[in-house]
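Read off the chains here:
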Amino acid sequence: MILRKRPAFALAAVLWVMTIATVLATGTALVGRSTYSGARNRTNAARAHWIAEGCSAVVIAIIDRSLAAASDDDRPIVWRELDVRVDSALRAAPIECSVSLAAVGSKLDANSADTTMLRRYLMRAAGPQQGDALTDALLDWRDNDSTARSLGAEADWYLANGRPSPRNRQFASSDEILLVRGFEARPDLVEDLIVVPARVCLTTAPASVLIALPGFTDDAVRQLMDDRAARRYFSDLPTFVAQLPQAAAESLGVHYSELSVATTVEPPQWQVTVRAISGYPAVIASSVVWLGQFGSHSIVTQRENQ
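What you see is a predicted model, and the numbers here were worked out from it, not measured in a lab.

What counts and what doesn't
Sequence order as written defines the numbering, with residues in each chain counted from 1. This being a predicted model, a pLDDT of at least 70 is required before a residue's local features are given, and a value of 80 or more before pairs of side-chain atoms are given or counted; all residues contribute to the totals for chains, interfaces and linings. Side-chain figures throughout are based on the complete set of non-hydrogen atoms in the structure, without hydrogens or water. In this text, helices come from DSSP runs of H or I with a minimum length of four residues, and strands from runs of E with a minimum of two, each type numbered from the N-terminal end. Each residue is assigned to one of three classes by its accessible area relative to the maximum for its type, calculated with a 1.4 Å probe on protein chains only: buried under 20%, partly exposed between the two thresholds, exposed over 50%. In this description, contact between two residues means that some pair of their heavy atoms is separated by no more than 4.5 Å. Using a 1.4 Å probe, accessible areas were evaluated by the Shrake-Rupley method; residue-level cover was limited to the displayed protein chains. Remark: nonpolar core denotes a set of buried residues (Ala, Val, Leu, Ile, Met, Phe, Trp, Tyr, Cys) joined through side-chain atoms within 4.5 Å. Salt bridges are defined as contacts in which a side-chain nitrogen from Lys or Arg sits within 4 Å of a carboxyl oxygen from Asp or Glu. Polar contact is defined as a pair of N or O atoms within 3.5 Å, subject to the rule that within protein one atom must be able to donate a hydrogen and the other to accept it, and that residues adjacent in sequence are counted only when both atoms are side-chain atoms. By definition, two strands form a pair when at least two bridges between them are found by DSSP. The angle between two axes is taken between their N-to-C directions and runs from 0 to 180 degrees, where each axis is a line fitted to C-alpha atoms and a helix contributes only its stretch in contact. The criterion for an aromatic pair is that two Phe, Tyr or Trp rings (for Trp, the six-membered ring) have centres within 6.5 Å, with stacked assigned to planes under 30 degrees apart, edge-to-face to planes over 60 apart and tilted to the rest. A pair of cysteine sulfur atoms is labelled a disulfide when the two atoms are within 2.5 Å.

Undergrad: I keep staring at the overall build of the protein and nothing clicks. Help me out?
TA: When helices and strands are tallied, the protein shows 12 helices and eight strands. Counting across all 306 residues of the protein, residues that qualify as buried make up 38%. For the protein, long-range pairs separated by at least 24 residues make up 59% of all intrachain contacts whose partners lie at least 6 apart in sequence. By element, 58% of the accessible surface of the protein is carried by carbon and sulfur atoms, the whole surface being about 17,100 Å².

Given below as structure tokens:
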């Protein structure tokens, strides 16, 4: 008797067809889900971008109203206090973004600051033991030679420790400073450093930056911070020097020519950073604008979106 195996073959064929159909269906579903997720993320990114742009426009409008409402005598004070005034306005009328303002000139330029200024800043911020070594290492990174200073480090040290070698040129970003020997353990020191040319603004810079300026004594810094807290503003450097104790005034007088080039009493610009969040998982968009002052209103000098 001959046994027929066609039913078993048919069953196997059906199972294979079902398996293939399941795989195809699953693949199609995954592709569809991926396409949907991508479209959703793009939508959330676009929404976050426009929310940030809208919030940025609101902040600029607040600044312009504040400047326009001030008298000619009070307008410089409003410009110096933009961060406080914007914060107060946003507390009264919150917006759907986080906002931060930073006065250009409130930090020390790591590219143009001379050896004395860098050493004064780092000695005060990191202490005498670390300050000298950090100063030499930073100067070795940005200079154009390969000769290490007594407490510094050049390419041979970085190669021996498996780290990127110095570029022997000016820093391209603040993050690059963290590659310098010693700074990787002290990221807080980079918070007061920038890598773009800017005069130090005497009416907005923190004490940690002011003490780095030539001729500035502790008494001078203390007086300046006390004046700022009491909203006693001065129109120029000689006016400030005139109110100091004799020793502090003489110290600044000796370095007056240097200070007249390295400092300003007005923030040349304000950096306004706005961040918005949209969707889940959250997509974050940032709008950064740099504002200059033109009479009774602000002007956008630079814009960056992230």
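Undergrad: Would you mind going over the nonpolar core with me for this structure?
TA: Nonpolar side chains in soluble globular proteins tend to end up buried together. Ranked by size, the top nonpolar core spans 45 residues in total, and within it Leu108, Ile177, Phe183, Leu202 and Phe216 carry the most contacts. Secondary-structure elements contributing two or more residues to this core are helix H4 (115-126), helix H5 (128-142), helix H8 (207-210), helix H9 (218-229), helix H10 (237-242) and helix H11 (246-254).

Undergrad: What exactly am I supposed to notice about the pattern of salt bridges here?
TA: Pairing between side chains of opposite charge can happen when their charged atoms approach one another. Counting across every chain of the model gives 17 salt bridges. We note a salt bridge from Arg149 to Asp140, for which the minimum N-O separation is 2.7 Å. Residue Arg149 is classed as partly exposed on the basis of its relative accessible area, which comes to 31%. Given the relative accessible area of 0%, Asp140 is considered buried.

Undergrad: For this particular structure, what's the right way to read the side chain of Ser106?
TA: Tracing the backbone shows Ser106 in the loop between strand E1 (98-103) and strand E2 (108-109). With a relative accessible area of 13%, Ser106 lands in the buried category. From its side chain, Ser106 meets the backbone oxygen of Ala103 in a polar contact 3.0 Å long. Side-chain polar atoms of Ser106 contact the side chain of Thr204, separated by 2.9 Å.

Undergrad: Sorry, what's going on with the sheet that holds strand E7 (residues 283-294) here?
TA: The strands making up a sheet are joined through hydrogen bonds of the backbone, oriented either antiparallel or parallel. With antiparallel pairing, four strands are arranged side by side in an open sheet as E1-E6-E7-E8. Two strands lie at the open edges of the sheet, namely E1 and strand E8 (297-305), each paired on one side alone. Ignoring strand direction, the axes of neighbouring strands in this sheet form an average angle of 25°. When E7 meets E8, the two strands line up antiparallel, connected through eight bridges. Residue pairing for E8: Trp290 is matched across the bridge by Gln302. The sheet contacts of helix H3 (residues 82-92) involve E1 and strand E6 (270-278), and relative to E1 the element is tilted by about 165°.

Undergrad: Any chance you could explain the packing of aromatic side chains here in plain terms?
TA: Applying the stated rule across the entire model yields four aromatic pairs. Their ring planes at 85° and their centres at 5.0 Å tell us that Trp157 and Tyr158 sit as a pair that is edge-to-face. Measuring from centroid to centroid gives 6.4 Å for Phe216 and Phe240, while their planes differ by 15°, and the two rings are stacked. Separated by 24 residues along the polypeptide, Phe216 in the loop between H8 and H9 and Phe240 in helix H10 bring together distant segments of the chain. The residues Phe216 and Phe240 share a single accessibility class, namely buried.

Undergrad: Looking at this structure, I do not really get the state of the cysteines. What am I missing?
TA: Note on terminology: a disulfide is the covalent bond linking the sulfur atoms of two cysteines. Summed over the entire model, instances satisfying the criterion amount to one disulfide. Here Cys55 is linked by a disulfide to Cys97, with a sulfur-sulfur distance of 2.0 Å. For the disulfide bridge between Cys55 and Cys97, the dihedral angle about the S-S bond is near 75°, and by the sign convention the bridge is right-handed. Separated by 42 residues along the polypeptide, Cys55 in helix H1 (residues 6-69) and Cys97 in the loop between H3 and E1 bring together distant segments of the chain. A single burial state applies to Cys55 and to Cys97, both of which are buried.

Undergrad: How should the environment of Ile77 be read in this particular structure?
TA: Tracing the backbone shows Ile77 in helix H2 (residues 75-80). Placed 10 residues apart in sequence, Ile77 and Leu67 show a C-alpha to C-alpha distance of 9.6 Å. Once residues lying within four places of it in the same chain are set aside, the contact partners of Ile77 are Arg231 and Tyr233.

Undergrad: Which parts of the structure should I look at to understand the pairing of E6?
TA: In this sheet, E6 lies alongside E1 in antiparallel orientation, the contact comprising six bridges. By the bridge assignment, Ala102 is partnered in E6 with Gln271. Pairing of E6 with E7, which is carried by nine bridges, proceeds in the antiparallel orientation. Note that in E7 the partner of Ile277 across the bridge is Ile284. What sits between E6 and E7 in their antiparallel hairpin is a turn of four residues, with Gly279 showing a positive phi close to 80°.

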